[in-house]
Amino acid sequence: GPLVDTVFGEVERACAGHGGAVRRATDEPDARPADLVLALTPALPAADRRPDDVREPIAASDTDPDAVPAAQVDLDAVRAAHVDLAGAALGAEGFALTRHGQVTVVLADAPAGLLYGLFQVVRLGEAAFGPECPVRVHRPALGRRMLDHWDNVDPHPVMGQVERGYAGGSIFWRDGRPRRDRARARAYARLLAACGVNAVAVNNVNVHATEARLLTDRLDDVAEIADELRPYAIRVHLSVTFAAPVVLDGLPTADPLDDAVRTWWAEATRRVYARIPDFGGYLVKADSEGQPGPFSYGRDHADGANLLAEALAPYGGVVHWRAFVYNHRQDWRDRSTDRARAAFDHFAPLDGRFRDNVILQVKHGPMDFQAREPVSPVIAAMPGTRLAVEFQVTQEYTGQQRHVCYLAPWWSEVLRYRPWGDGGRSVADVAADGGDLVAVSNVGDDRFWTGHPLAQANLYAFGRLAWEPGLTPEAVLDEWIDLTFDPARSTGPALLRRTLHEVMDDSWRTYERYTAPLGVGFMVRPGHHYGPDVDGYEYTPWGTYHFADRDGLGVDRTRATGTGFTGQYPPPWSQVYESLDECPDELLLFFHHVPYDHVLHSGKTVIQHIYDSHFDGVREVEETVGRWQRLAGLIDPDVHARVTERLTEQLRCAREWRDQVNAYFHRKSGTPDAHHRPLH
Ligand code: GCU
């Protein structure tokens, strides 16, 4: 099939670069289908190569290893791998990797496993061809590792071609049409497969008029993209509008319990699968920020999600139904309405009511992808529902790909968080149990894919953590550095690696230091969300407040005196967050309203922490700028120049944040800086 062709193409390409060749055992007269085996041996050094040499440098087979002519594959290696594996099933995507004698063997039960095994060999580089090593089985922790593109087909008048996109135009769409840049689409598919991503939603969750039609008369456009992604084992999903029967076909209602509506979805979905047999399913943002949903008909989200799930079920499709539902027409004077509570309040009571092909997609924090939030309590509240945890790889609130902000440490913290305390399951465990990991894409048509070249590491880290959530952020970054910069060929490999780690490892915490303090969030400019504006969202209807006054700041979300949000967590966190003494410093202002002279665990007052962290954050960016200069001449000059340009802006913006936040809280609190630095 096409996937096996992809693997052969990849191997062929790799071999050609080293003077090697590929022999396909399926072409042999006695070949018969069985296991998938890819056996690789290093090419002989050119000096040793003779025209009559019978050793093939690489042989690959999608047949029974016994049927592969001995001249091509070291059968002992393959047999040994089989023995070591002892019949363990590898699954649809898993693979086994071993090195025996002079041969590196990848075994898989299915073509996608062979593909991922090949990328693992690439990741290991020369180490894959080193000393013998026993068989190691690799299987993904998460079955679906999905990217949501917030791409519009027609450029939106305010949001543009890609909503919250910071890497140029859409990779799929331009000015109302598919881009039809096949080479680029293939390269993108290859990039995603190398990261481990296996599903993509091709349009924005906010579904506007043109995009609504992708489901029906513009389905061919979606099919074209599916054709480009399929060879790399990536399935296509589509964001649909809940009002589709009304807006596309003039039905009088989109009521999920109406028979005509159910028939409409069944028929639309039948046509989708007739055109795209491996279609993944629908993604729906309903009753959220103005999108239509079941509330209009007096129905709830289970009714809505189940309607689409029923239509998809015969084909094995799934609905990703987003839990990002809250009141965006709030009055800031109303302290009882708490946006952080909303997803739990709407969805937890519905646990157990969703069909089994509904996956409830929950943002990892209760608010909206801030630089610091607690984990969403919804993740612990719905044992009878499949959950997808949603990350934001696009850096809407984390510097918009103008700031270097390596997000893997943040995601890793979230994935390792144990909602039921030590000994209980982690967020990664919950998601792995029938759910997914999903992220909003950061890719566009920019020539570095992600605007900021270092933001590629976030894309890579998302895919890798979804495959293996226990990987450390540092290890993932090392992999990315090896694959991207090939330090082994650099004239200063140690300096290159060390500098990239210094620039990136702690960059998320640096960003946190110079932006909104102690988990309170927002303080960004309204609309585009870039740069500081402490009161930008304070009196708006969006429910995103810090409640700073002359006496203190923060949101009281306790049960005792606040909105009661802490009660949405199971113990021990319900107690930890409730308690001013136990609440972690970094989340203090998310959960509590405190006076400026409140003393943190760190021993500093809140106000002094604000000043210090903002000075520290800017100093760290200054250091980053200096460190980056050391890499001039060590990496591609274009990449170096692009990052240098972005760092100049990051430093400017970090200083702006520091000055605005410090000045604001100096004026509010009247407290001077203990170190007498200027508070502009
Ligand atoms: C944020 C973002 C929106 C997006 C929304 C969502 O609010 O600013 O652009 O539509 O999240 O996740 O649906």
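Residues numbered from 1 in each chain as written. Predicted model: local features only at pLDDT ≥ 70, side-chain atom pairs only at ≥ 80, totals over all residues.

**So, the UniProt feature "domain: Glycosyl hydrolase family 67 C-terminal" (unreviewed entry) in the protein**
Moving on, step 1. Per the UniProt record, "domain: Glycosyl hydrolase family 67 C-terminal" (unreviewed entry) is annotated on residues 450-677.
Moving on, step 2. Helix makes up 49% of residues 450-677 and strand 2%, with an end-to-end C-alpha separation of 37 Å. (UniProt positions renumbered as here; feature names shortened; annotations may be inferred. Helix = DSSP H or I, 4+ residues; strand = E, 2+ residues; numbered from the N terminus.)

**Examining the packing of helix H4 (residues 182-195) against helix H6 (residues 219-229)**
Moving on, step 1. Two numbers describe how H4 lies on H6: the axes approach to 8 Å, and their chain directions differ by 55°. Classified by the angle their axes make, H4 and H6 are oblique. As for the relative orientation of H4 and H6, their crossing is right-handed in sense. Residues Arg182, Ala185, Arg186 and Ala189 of H4 form the contact with H6, whose own contacting residues are Ile225, Glu228 and Leu229.
Moving on, step 2. When the residues that make up the contact of H4 with H6 are grouped by side-chain class, the tally is four nonpolar, no polar and three charged. (Axes fitted to C-alpha atoms, helices over the stretch in contact; angles between N-to-C directions. Parallel < 35°, antiparallel > 145°, perpendicular 65-115°, else oblique. Left-handed = near helix turned anticlockwise from the far one by under 90°. Contact = placed C-beta atoms within 7 Å. Nonpolar A, V, L, I, M, F, W, Y, C, P; charged D, E, K, R; others polar.)

**Here's the deal with the nonpolar core**
Moving on, step 1. Val106, Ile234, Leu308, Val319, Leu360 and Leu387 are the most contacted members of the largest nonpolar core, which has 192 residues in total.
Moving on, step 2. It is helix H13 (residues 456-467) that contributes the most residues to this core, eight residues altogether.
Moving on, step 3. Contact partners of Ile234, with chain neighbours within four places excluded, come to Ala189, Leu192, Ala193, Val197, Asn198, Ala199, Val200 and Leu229. (Core = buried A, V, L, I, M, F, W, Y, C linked by C-beta atoms within 7 Å. Buried ≥ 20, exposed ≤ 12 C-beta atoms within 10 Å, placed from the backbone.)

**So, the UniProt feature "domain: Glycosyl hydrolase family 67 catalytic" (unreviewed entry) in the protein**
Moving on, step 1. UniProt feature "domain: Glycosyl hydrolase family 67 catalytic" (unreviewed entry): in the numbering of this structure it lies at residues 137-449.
Moving on, step 2. Within the segment residues 137-449, helix and strand shares are 27% and 18% respectively, and the terminal C-alpha atoms sit 32 Å apart.

**Considering the confidence of the model for the protein**
One rule of thumb: low pLDDT means the predicted coordinates there are not for detailed reading.
Moving on, step 1. Considering every residue of the protein, the mean pLDDT works out to 92; 92% of them sit at 70 or more.
Moving on, step 2. Confidence drops under pLDDT 50 across residues 28-34; counting only partners more than four residues distant or on other chains, this segment forms 13 contacts.
Moving on, step 3. This model gives residues 43-72 a pLDDT under 50, and the stretch forms 70 contacts once residues within four places in sequence are excluded.
Moving on, step 4. For this predicted complex, the interface confidence reaches an ipTM of 0.99, while the overall pTM sits at 0.94. (pLDDT = per-residue confidence, 0-100.)

**A word on the domain arrangement of the protein**
Moving on, step 1. Taken domain by domain, the protein consists of domain 1 (2-138), domain 2 (144-470) and domain 3 (511-555 + 593-669).
Moving on, step 2. Mapped onto the side of domain 1 that touches domain 2, the elements with two or more residues apiece are helix H1 (2-16) and helix H3 (111-124).
Moving on, step 3. Across the side of domain 1 that touches domain 2, the residue classes tally to six nonpolar, one polar and one charged. (Domains from an automatic or database assignment.)

**A few points about H4**
Moving on, step 1. The first and last C-alpha atoms of H4 sit 20 Å apart over 14 residues, in line with the 20 Å expected at 1.5 Å per residue.
Moving on, step 2. Inspection of H4 places Tyr188, Ala189, Leu192, Ala193, Ala194 and Cys195 among the buried residues, and these make up the whole buried set.
Moving on, step 3. On its buried face, H4 sits against H3, strand S7 (144-148), H6 and H13.
Moving on, step 4. Following H4 by one or two positions, Gly196 has its phi on the positive side, about 100°. (Expected span 1.5 Å × (residues − 1).)

**Quick word on the pairing of strand S14 (residues 281-284)**
Moving on, step 1. Strand direction decides the pairing type here: strand S13 (residues 235-239) and S14, joined by three bridges, are parallel. When the sheet's bridge partners are listed, Ser239 is paired in S14 with Leu283.
Moving on, step 2. Pairing of S14 with strand S15 (residues 318-322) involves four bridges; the strand directions are parallel. Its bridge partner being in S15, Gly281 is matched across the sheet by Val318. (Pairing = 2+ DSSP bridges.)

**Overview of the packing of helix H15 (residues 493-504) against helix H19 (residues 606-629)**
Moving on, step 1. Their axes nearest at 10 Å, the elements H15 and H19 cross at an angle of 160°. Between H15 and H19, the angle is such that the two are roughly antiparallel. Between H15 and H19 the crossing geometry is left-handed. Contacts between H15 and H19 pair Thr499, Glu502 and Val503 from the former with Thr624, Arg627 and Trp628 from the latter.
Moving on, step 2. Split by residue class, the contact of H15 with H19 holds two nonpolar, two polar and two charged.

**Describing the sheet that holds S13**
Moving on, step 1. Read once around its circumference, the closed barrel built from eight strands follows the order S7-S12-S13-S14-S15-S16-S17-S18, with strand pairing classed as parallel. Adjacent strand axes in the sheet meet at a mean angle of 25° when their direction is disregarded.
Moving on, step 2. Across three bridges, the pairing between S7 and strand S12 (residues 199-201) is parallel. Residue pairing for S12: Met146 is matched across the bridge by Ala199.
Moving on, step 3. Sitting on the sheet, H13 touches S7, strand S17 (386-392) and strand S18 (436-440), and the angle it makes with S7 is about 155°.

**Thoughts on unusual backbone geometry**
Moving on, step 1. Of the consecutive residues Pro571 and Pro572, the connecting peptide bond is found in the cis state with omega at 5°.
Moving on, step 2. Positionally, Pro572 belongs in the loop between strand S19 (552-553) and helix H17 (573-578).
Moving on, step 3. The phi dihedral of Gln401 is positive, around 60°, even though this residue is not glycine.
Moving on, step 4. Looking at the element boundaries, Gln401 is found in the loop between S17 and helix H11 (408-416).
Moving on, step 5. In this structure Gln401 comes out as buried when scored by C-beta crowding, with 26 C-beta atoms within 10 Å.
Moving on, step 6. A positive phi angle is found at Trp449, which is not glycine, with a value near 70°.
Moving on, step 7. Relative to the elements of secondary structure, Trp449 occurs in the loop between S18 and H13.

**Thoughts on the environment of Thr566**
Moving on, step 1. Within the secondary structure, Thr566 is located in the loop between S19 and H17.
Moving on, step 2. Those residues within four positions of Thr566 in sequence are excluded, and the remaining contacts are Arg557, Thr558, Arg559, Ser574, Tyr577, Glu578 and Phe591.

**Some details on the pairing of S13**
Moving on, step 1. Counting buried positions along S13 yields four of five residues, so the element is predominantly enclosed.
Moving on, step 2. The sheet contact formed by S12 and S13 spans three bridges and is parallel. Directly across from Ala199, in S13, lies its bridge partner Arg235.

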